[in-house]
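Chain and residue survey
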Amino acid sequence: KLRLTVEGILFRLRTGCPWRDLPTAFGDWQSVYSRFKSWCSTGKLQQLFALMSKDTDTEWEFIDGSYIKAHQHSAGAATQDSEAIGISRAGRTTKIHLAVDSYGLPIQFIVTSGEVHDCKAAPDLLAMHPPSTALVADKGYDSAVPREKKKKKGSIAVIPRKSNSLQGNAD
């Protein structure tokens, strides 16, 4: 039963389907949701992620951000905690900034509101990373902070320059 619950949670996170539309093969959707909510509030999912991402191949490290459109009814939260929902050009969104290892397996992530730019989240994301040979990112991370952080750790930053970027700073 526990395995089906975990698979149900992963299925829902992967597909983005509403909890009510969770296939019955995973059990009662309300039970799966209750377990998910409990594990989130107690930090068990975060602990599980940290445990699973300990043994990583960080020769190459890749980072990127992705928007997730928030539900239309997500305007107000029932708690005082930050829900990481902001207004961007796509409407109400959340943004996941993710780092993966050489095999594409997640190492670390940060969830921010949708209007937070990649280069603003990069320092926090990179501070959590183990040493790597190279960091690969897109133009959204073209700023001095990621390049300097990786240089201090003895890594190479493979980040294309923006067209309006200062070309004087050679890597």
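Everything below is about the structure printed above this text.
Definitions and cut-offs
Residues numbered from 1 in each chain as written. Predicted model: local features only at pLDDT ≥ 70, side-chain atom pairs only at ≥ 80, totals over all residues. Heavy atoms only, no water. Phe/Tyr/Trp six-rings, centres within 6.5 Å; stacked < 30°, edge-to-face > 60°. Helix = DSSP H or I, 4+ residues; strand = E, 2+ residues; numbered from the N terminus. Buried < 20%, exposed > 50% of the residue type's maximum accessible area, 1.4 Å probe, protein only. Axes fitted to C-alpha atoms, helices over the stretch in contact; angles between N-to-C directions. Parallel < 35°, antiparallel > 145°, perpendicular 65-115°, else oblique. Contact = heavy atoms within 4.5 Å. Nonpolar A, V, L, I, M, F, W, Y, C, P; charged D, E, K, R; others polar. Polar contact = N/O pair within 3.5 Å; in protein donor to acceptor, adjacent residues only side chain to side chain.

To continue, consider the packing of aromatic side chains. For the structure shown, the criterion picks out three aromatic pairs. Between Trp19 and Tyr33, the ring centres sit 5.4 Å apart and the planes meet at 65°, which makes this aromatic pair edge-to-face. Of the two residues, Trp19 sits in the loop between helix 1 (2-15) and helix 2 (29-42) while Tyr33 sits in helix 2, which places them 14 residues apart along the sequence. Exposure remark for Trp19: the relative accessible area of 11% places this residue in the buried category. For Tyr33, a relative accessible area of 30% translates into the label partly exposed. Residues Trp19 and Phe36 carry aromatic rings whose centres are separated by 5.1 Å and whose planes lie at 45° to one another, so their mutual orientation is tilted. A residue pair is termed long-range when its members are at least 10 positions apart, and Trp19 in the loop between helix 1 and helix 2 and Phe36 in helix 2 qualify at 17 residues. Three or more aromatic residues link up through ring pairs in this structure, and these residues are Trp19, Tyr33 and Phe36.

Another aspect to go through is the packing of helix 1 against helix 2. Across the interface, helix 1 lies against helix 2 with an axial gap of 9 Å and an inter-helix angle of 80°. By the angle between their directions, the pair helix 1 and helix 2 is classed as roughly perpendicular. For the pair helix 1 and helix 2, contact is made by Leu2, Thr5, Val6, Gly8, Ile9 and Leu13 and by Val32, Arg35, Phe36 and Trp39, respectively. Of the residues in the contact of helix 1 with helix 2, the class split is seven nonpolar, two polar and one charged.

Relative to the assigned elements, Ser132 resides in the loop between helix 4 (118-127) and strand 5 (134-136). Among the polar contacts made by the side chain of Ser132, one reaches the side chain of Glu61 at a distance of 2.7 Å. Ignoring sequence-local partners within four residues, the contact set of Ser132 consists of Thr58, Glu59, Glu61, Lys150 and Ser155.

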